[in-house]
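# Coordinate analysis (summary)
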Amino acid sequence: MIIVAITGASGIIYGLKVLEALKERKIETALVITDPARIILEYELDLKIEDLKNKATCYYEASDLTSSINSGSFKFESMVIVPCTMKTLSAIATGYASNSITRAADVALKERRKLVLVPRETPLRSIHLENMLEISREGGIILPAMPGFYHRPENLDDMANFIAGKILDVLEIEHDLFLRWSGDEI
């Protein structure tokens, strides 16, 4: 089981692409999405929460601190927060587990499970960088939404698939979402 959390930063397409790729590979997912992310989902992609829920195995409310994903006894392999707001990143870095996303991330770190945060913010303040460093020191992986261009993306989907592919790489899941750099001419 992989927990996919979507917070209220621009770049919801990255979360969508990860969910689609995991579903295509028949990997079980638990989806958690914040209320601000629901608004951005509609604004950026013209989708509703039900569209995302249909791509996940199960769904948990971000506000429900009693859900199973909040416990260390809940078995999940890894967690991806994509996109990840600086608010969420800060809460995780400081151990402030005020919702299901930050609590499940806390569980991932304390249980030494894979935690991948995909911040979508620019420019970055010193405190943002310090919070990222703190999470990295605890074993979390910071994977900024910085698409590459060597695969010659032709559209927004190609760019979003690049980031989704990088996330799958970190999770050690095979994919063909982008053309890998070989050193040869493409």
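Here the structure is a predicted model, which means the values were calculated and not measured. (Residues numbered from 1 in each chain as written. Predicted model: local features only at pLDDT ≥ 70, side-chain atom pairs only at ≥ 80, totals over all residues. Heavy atoms only, no water.)

## Description of the pattern of salt bridges
For the structure shown, the criterion picks out 12 salt bridges. Between D157 and K17 there is a salt bridge, and its shortest N-O distance comes to 3.1 Å. With D157 in helix 7 (residues 156-170) and K17 in helix 1 (residues 12-24), the pair connects residues that are 140 residues apart, well separated along the chain. Classification of K17 by relative accessible area gives buried; the value is 11%. Taking the shortest distance from any N to any O, the salt bridge between E24 and R25 comes out at 3.8 Å. Take R25: its relative accessible area is 22%, and that puts it in the partly exposed class. Taken together, the shared-partner salt bridges connect E24, R25 and D176 into one network. (Salt bridge = Lys/Arg side-chain N within 4 Å of Asp/Glu carboxyl O. Helix = DSSP H or I, 4+ residues; strand = E, 2+ residues; numbered from the N terminus. Buried < 20%, exposed > 50% of the residue type's maximum accessible area, 1.4 Å probe, protein only.)

## A word on the nonpolar core
In this structure, V4, I6, L52, V82, V118 and I167 are the most contacted members of the largest nonpolar core, which totals 35 residues. For this core, the secondary structure elements donating two or more residues are strand 1 (2-6), helix 1, strand 2 (29-33), helix 2 (35-45), helix 3 (49-53), strand 4 (78-84), strand 5 (114-119) and helix 7. Beyond its immediate stretch of four places on either side in the chain, V4 contacts V18, L19, L22, T29, A30, L31, V32, V80 and V82. Counting 27 residues, the second-largest nonpolar core is a separate cluster that includes M1, Y60, I69 and L115. (Core = buried A, V, L, I, M, F, W, Y, C linked by side-chain atoms within 4.5 Å. Contact = heavy atoms within 4.5 Å.)

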